[in-house]
Amino acid sequence: MDDEADSEVRARRKALDAKYRAERDRRVRADGAAQYLRPSGAYARYLDDPYVEPGFTRAPVHDDVDAVIVGAGLGGLLAAARLRQAGVKDIRIIEKAGDVGGTWYWNRYPGCACDVESYIYMPLLEELAYTPTRKYAPAPEIAAHCKAIARHFDLYDLALFQTEVTDVTWREDTARWTIRTDRDDAFTAKYVVVVSSRLHRPQLPGAPGIETFRGRSFHTSRWDYAYTGGDHTGGLTGLTDKRVGIVGTGATAVQAVPHLGAWAKELYVFQRTPAPVDVRNDRPTDMDWARSLPSGWQKDRMANFNLVTTGQKVDADLIDDGWTDLVVNVRLAAQRRIEAGEMIDDPAAIVQLADDARMERMRERIDRVVQDRATAEALKPWYAQACKRPCFHDEYFPTFNRPNVTLVDTRGKGLQRVTETGVIAGDREYPLDCLIFATGFTYNDDYTDIIGFDITGRGGLRLSEKWKDGAATLHGLTSRGFPNCFIVSATQAGHAVNFQYTLDLSSTHIAYIVSQAEARQARTLEPTAEAEAAWVDVVVAETELRSAVLAECTPGYLNNEGKVDMRARRNSQYFKGPVAFQKVLEDWRAEGTMPGMELG
Ligand code: NDP
């Protein structure tokens, strides 16, 4: 690269850096005011389950089971399925919702769908002989698949729904856990598997006055179809004479906004930070293709996706979508620029340049699609892609060309307040009949706060206490002092775009450990202090590069709202990714001696 071109690249990068920093600073709240409200007290009604009949009661349960699984989302179902396959008999799942499905139970908003390809996201397709109808399956189809898994593995008989765990305590004398719930259950189990995602506790914006709003208001994970009419495909006939506001522009809002725009008399989209929205390109499944797939195809396809999204070489990118493009095409674009002599020989700079190209492509798409110039400018994301979860949609931006749709860009500030009759943002009041919160879920780094109960292990040791400076686990799954207890979460477990894959890796590993413990007639199992400390070191070391990037990001749940400290690093995922995590677990099992695991 000649000097002139070199300095041009540097100048461009410097300008972009300055722009990114300015955008981030707009979003930072110097006054330290809460960014979000938790639905409790005056806001507790936002948690009510609109999908069940009110007034459910049942007799408390007092019995003993082999294993209890807390949480019946895909992770809980996979853990149960793998334990069942390992020969565990009495398996009880406990779930606060009215059925299995987890996030796919709660999220039924119009347009809700998975944006990881359904052929790799929906587990156990071959086992259940099911073919998804589309490349990106809609939410009800995934919810139905969750129920099919529960039926296939006989998980309904002992299940307790509409039930929240309040306490899990180890009893040394019987070597069993006692589990208590908000329905006065108190039963025991040899094994406890806690599988609770971070996306199950809806949050509201940190704006005063929400409780005073007199119109209809709900969170997207509790969609009020009785009010809006229609279903996940749209048809929101109840809104044709309504002024509707939606707060938030994350992955949820991006999917719901096109339907709201199509049906509301007026729609106001309150934006704090613009979303990074790329091409979706959904399509129905080619059933001839599906029939032609050989046995074992799903595992191979998942593996291909993992390889591609961790930057490894494959013969073909089988999935070929926005996620794989994040790594493949963008890297190629960077490569081309290097070949044109444009760049310095530095891997971080290559990644950065590739990222710049991708974000620029997104902004150009907005310019092409959105007619109003000011709206187009306000919709443009100015940050590195790693700062925000990518979104994929083809109707989101065109919705802003509708005459009934207004983008209210709060320029990083969020809502000022909610009034009895609407919302104040940017010192202007927007009168509304309906206010919808697409403001996401509590996603902090306090594990027991997220799951909603503490776990009391050996000698009264509380997990909240042990993990107060950050998690300590072996492979993200077991923690010393908590015998026969497994934790399945993102914490210290393999990072993956297709997170369901990590859930299955963890589930398979748990089933192996349990079957080994049973074969050896062990009463208890837990990791040694040394093995645990070594894994924590491995996890923390992998956060080095990423932490530096995240610290520069606009605040959000991916960077712990801007607080990237050692505790956050310990609570992070194992960033080497799913391929490396799988190898760690498989190598460990191959040893045959369960190294670092103490049996009692
Ligand atoms: P997010 O946390 O991603 O987004 C919340 C939105 O609310 C952000 O745009 C946020 O702005 C905004 N917000 C919060 N407070 C205020 C305020 N006071 N005023 C204005 N705006 C505010 O939640 P989502 O429900 O969109 O997504 C949660 C997660 O669910 C996703 O990250 C993804 O993992 C998952 N998901 C997956 C889908 C899939 O297809 N697989 C689809 C949908 C969701 P800001 O950006 O400034 O913080």
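Note that the structure is a prediction, hence the values are computed from the model and not measured.

Engineer: Please explain the overall build of the protein as it appears in this structure.
Structural biologist: Within the protein, the secondary structure is distributed over 20 helices and 21 strands. Its C-alpha radius of gyration of 24 Å places the protein within 12% of the 25 Å reference for a compact globule of 600 residues. Taking the principal axes of its C-alpha atoms as reference, the protein extends roughly 70 × 65 × 55 Å. Counting over 600 residues, the protein shows a buried share of 55%. A fraction of 72% describes how many contacts in the protein between residues 6 or more apart in sequence connect residues 24 or more apart. Positive and negative side-chain charges in the protein, numbering 75 and 86 respectively, have mean positions lying 2 Å apart.

Engineer: How should I be thinking about the site of the ligand in this particular structure?
Structural biologist: Taken together, 26 residues sit near the ligand, with Arg-27, Thr-252, Thr-273, Lys-388 and Tyr-557 positioned nearest. One of the backbone nitrogen or oxygen atoms of Leu-415 is found 3.2 Å away from a nitrogen atom of the ligand. Measuring from an oxygen atom of the ligand, one finds a backbone N or O atom of Ala-438 at 3.4 Å. Here the ligand, which alone exposes 920 Å², has 90% of that area covered by the protein. Sort the elements by how many residues they give to the shell around the ligand and helix 7 (residues 251-263) lands first, with 3 residues. Residue classes in the shell around the ligand are distributed as 12 nonpolar, 9 polar and 5 charged. Both domain 1 (1-33 + 204-281 + 321-438) and domain 2 (64-201 + 443-599) contribute no fewer than three residues apiece to the shell around the ligand.

Engineer: It is not clear to me how the state of the cysteines should be interpreted in this structure. Could you clarify?
Structural biologist: Where two cysteines share a covalent bond between their sulfur atoms, that bond is called a disulfide. Tallied over the entire structure, the rule returns 1 disulfide. One disulfide in the model links Cys-387 with Cys-553; its S-S distance is 1.9 Å. Between Cys-387 and Cys-553, the disulfide has an S-S torsion of -75 degrees and is therefore left-handed. With Cys-387 in the loop between helix 12 (373-379) and strand 12 (391-392) and Cys-553 in the loop between helix 18 (544-551) and helix 19 (566-570), this pair connects stretches of sequence that are 166 residues apart. Summarising the burial analysis for this pair, Cys-387 and Cys-553 share the class buried. Lacking any disulfide linkage, Cys-146 is separated from the closest cysteine sulfur, that of Cys-114, by 11 Å. For Cys-146, a relative accessible area of 0% translates into the label buried.

Engineer: Looking at this model, I keep getting lost on the nonpolar core. Mind explaining?
Structural biologist: Generally speaking, soluble globular proteins have nonpolar side chains that are buried together. Ranked by internal contacts, the top residues of the largest apolar core, which has 109 residues, are Ile-69, Leu-83, Trp-104, Val-193, Ile-246, Leu-260 and Leu-267. In terms of residue count, helix 16 (residues 499-519) provides more of this core than any other element does, 9 residues in total. Each of two domains, domain 1 (1-33 + 204-281 + 321-438) and domain 2 (64-201 + 443-599), supplies a minimum of three residues to this core. Excluding anything up to four places from it in sequence, Ile-69 contacts Gly-76, Ala-79, Ala-80, Leu-83, Ile-91, Arg-92, Ile-93, Ile-94, Val-193 and Val-195. Core analysis: the second largest hydrophobic core is formed by 29 residues, Val-61, Val-165, Trp-177 and Ile-455 among them.

Engineer: Mind showing me how you'd approach empty space enclosed by the protein here?
Structural biologist: If a probe the size of a water molecule is rolled over the atoms, the empty space left behind becomes visible. The tally for this structure, following the rule as stated, stands at 3 cavities of 30 Å³ or more. As a volume, the largest cavity reaches approximately 70 Å³. For the largest cavity, the full set of lining residues is Glu-23, Arg-24, Arg-26, Arg-27, Arg-272, Thr-273, Pro-274, Trp-382, Tyr-383, Gly-412 and Thr-554. Looking at side-chain class alone, the lining of the largest cavity contains 3 nonpolar, 3 polar and 5 charged residues. Here the second largest cavity defines a volume of roughly 40 Å³. Of the residues that constitute the lining of the second largest cavity, the class distribution is 3 nonpolar, 3 polar and 3 charged.

Engineer: So what exactly am I meant to see when it comes to the layout of surface pockets here?
Structural biologist: Taken as a whole, the second largest pocket holds about 380 Å³ of empty space. Around the second largest pocket, the lining comprises 18 residues; the ones closest to its centre are Arg-82, Lys-299, Tyr-501, Asp-504 and Thr-508. The set of elements that each furnish at least two residues to the lining of the second largest pocket consists of helix 9 (297-309), helix 16 and helix 20 (578-591). No other element matches helix 16, which puts 5 residues into the lining of the second largest pocket. Class assignment of the residues belonging to the lining of the second largest pocket gives a composition of 7 nonpolar, 4 polar and 7 charged.

Engineer: Teacher, can you tell me more about the packing of helix 2 (residues 74-85) against helix 16 here?
Structural biologist: Helix packing geometry: the angle between the two helix axes and the distance between the axes. Two elements in contact, helix 2 and helix 16, have axes whose closest approach is 8 Å; the angle formed by their N-to-C orientations is 30 degrees. The handedness of the crossing between helix 2 and helix 16 is right-handed. Of helix 16, the residues touching helix 2 (which contributes Leu-74, Gly-75, Leu-78, Ala-79, Arg-82 and Leu-83) are Gln-500, Leu-503, Asp-504, Ser-507, Thr-508, Ile-510, Ala-511 and Val-514. Taken together, the residues of the contact of helix 2 with helix 16 break down into 8 nonpolar, 4 polar and 2 charged.

Engineer: Could you clarify how one ought to interpret the side chain of Arg-569 in this entry?
Structural biologist: With respect to the helices and strands, Arg-569 occurs in helix 19. The residues touching Arg-569, leaving out its near neighbours within four places in the chain, are Val-539, Val-540, Thr-543, Glu-544 and Ser-547.

Engineer: Explain the sheet that holds strand 9 (residues 243-247) to me, please; I cannot follow it from the model alone.
Structural biologist: Hydrogen bonds between backbone atoms are what pair the strands of a sheet, whose relative direction is either parallel or antiparallel. Spatially, 5 strands are ordered 8-17-9-10-13 in an open sheet, and the strand pairing comes out parallel. Sheet topology places strand 8 (216-219) and strand 13 (405-409) at the edges, where each strand pairs with a single neighbour. Taken over all neighbouring pairs, the strand axes of this sheet differ in orientation by 15 degrees on average, direction set aside. When strand 8 meets strand 17 (residues 434-437), the two strands line up parallel, connected through 4 bridges. Residue pairing for strand 17: Arg-216 is matched across the bridge by Cys-434. Seen against the sheet, helix 7 touches strand 9, strand 10 (266-271), strand 13 and strand 17 and runs at an angle of roughly 170 degrees to strand 9.

Engineer: Looking at this structure, I do not really get the sheet that holds strand 15 (residues 422-425). What am I missing?
Structural biologist: Ordered by their spatial adjacency, 3 strands build an open sheet running 14-15-16, and the pairing between neighbours is antiparallel. The strands lining the two open edges of the sheet, one partner per strand, are strand 14 (417-418) and strand 16 (428-431). In the sheet, strand 15 pairs with strand 16 via 4 bridges, with the strands oriented antiparallel. When the bridges of strand 16 are listed, Val-423 appears paired with Tyr-430.

Engineer: Help me out: how do you make sense of the environment of Gly-457 in this one?
Structural biologist: Looking at where Gly-457 falls in the secondary structure, it is placed in the loop between strand 18 (454-456) and helix 15 (463-466). Gly-457 sits 285 residues away from Glu-172 along the chain, and the two C-alpha atoms are 8.9 Å apart. Ignoring sequence-local partners within four residues, the contact set of Gly-457 consists of Trp-170, Trp-177, Gly-481 and Phe-482.

Engineer: Explain the domain arrangement of the protein to me, please; I cannot follow it from the model alone.
Structural biologist: Size of an interface: often given as the accessible area lost when the parts come together. According to the domain assignment, the protein consists of domain 1 (1-33 + 204-281 + 321-438) and domain 2 (64-201 + 443-599). For domain 1 and domain 2, the distance between their C-alpha centroids amounts to 31 Å. Every contact between the two is made by 29 residues of domain 1 and, on the other side, 28 residues of domain 2. Approximately 2500 Å² of surface area, both sides summed, lies buried where domain 1 meets domain 2, with 55% of it carried by carbon and sulfur atoms. The closest approach of N and O atoms between Asp-115 and Arg-389, which form a salt bridge, is 2.8 Å. There are 8 residue pairs in polar contact (both at pLDDT 80 or more) connecting domain 1 and domain 2. Taken together, the elements giving at least two residues each to the side of domain 1 that touches domain 2 come down to helix 1 (3-27) and helix 7. Considering each element in turn, the side of domain 1 that touches domain 2 owes the most residues, 5 residues, to helix 7. Residues that form the side of domain 1 that touches domain 2 fall into these classes: 12 nonpolar, 8 polar and 9 charged.

Conventions used here
All chains use their own residue numbering, which begins from 1 and follows the written sequence. Since the coordinates come from a predicted model, pLDDT governs what is reported: local features require at least 70, and pairs of side-chain atoms require 80 or more to be given and counted, while whole-chain, interface and lining totals use all residues. Excluding hydrogens and water, the side-chain figures rest on all heavy atoms present in the structure. A helix here means a DSSP run of H or I that spans at least four residues, while a strand means a run of E at least two residues long, and both kinds are numbered starting from the N terminus. The globule rule used for comparison is 2.2 Å times the number of residues to the exponent 0.38, while the radius of gyration itself is calculated over C-alpha atoms. Burial status follows relative accessibility: with a 1.4 Å probe on protein chains alone, a residue under 20% of its type maximum counts as buried, one over 50% as exposed, and anything between as partly exposed. In what follows, residue pairs with any heavy atoms lying within 4.5 Å of each other are defined as contacts. The charged-residue count follows a simple rule in which Lys and Arg add positive charge and Asp and Glu add negative charge, with His and chain termini not counted at all. Taken as the charge location is NZ of Lys, CZ of Arg, CG of Asp or CD of Glu. Whether a residue is near a molecule or strand is decided by its heavy atoms; if any one of them lies within 4 Å of it, the residue is near. A 3.5 Å cut-off defines polar contacts: any pair of N or O atoms within that distance qualifies, except that in protein one atom must be a possible hydrogen donor and the other a possible acceptor, and neighbouring residues in sequence count only when both atoms are side-chain atoms. Accessibility throughout is a Shrake-Rupley quantity obtained with a 1.4 Å probe, and a residue counts as covered only by protein chains that appear here. Polarity classes work like this: nonpolar for Ala, Val, Leu, Ile, Met, Phe, Trp, Tyr, Cys and Pro, charged for Asp, Glu, Lys and Arg, and polar for all others, with Gly in that last group. Domain extents, as shown, originate in an automatic or database domain assignment. Sulfur atoms of two cysteines make up a disulfide when they are within 2.5 Å. Remark: nonpolar core denotes a set of buried residues (Ala, Val, Leu, Ile, Met, Phe, Trp, Tyr, Cys) joined through side-chain atoms within 4.5 Å. A 1.4 Å probe that fits into a set of points on a 1 Å grid over the protein atoms alone but cannot get out defines a cavity; an open set with protein on both sides within 12 Å along at least five of seven lines defines a pocket, and lining residues are those with an atom within 4 Å of a point. Grid points are joined across faces, edges and corners, and a volume is the space filled by probe spheres set on the points. Between N-to-C directions, angles cover 0 to 180 degrees, with each direction set by a line fitted to C-alpha atoms, over the stretch in contact for helices. With the far helix as reference, a near helix turned anticlockwise by less than a right angle produces a left-handed crossing, and one turned clockwise produces a right-handed crossing. The pairing criterion for strands is at least two bridges between them, as found by DSSP. Buried area, as used here, totals the accessible surface that two parts lose on assembly, with accessibility defined by a 1.4 Å probe and the loss added over both. A pair is scored as a salt bridge if a Lys or Arg side-chain nitrogen falls within 4 Å of a carboxyl oxygen belonging to Asp or Glu.

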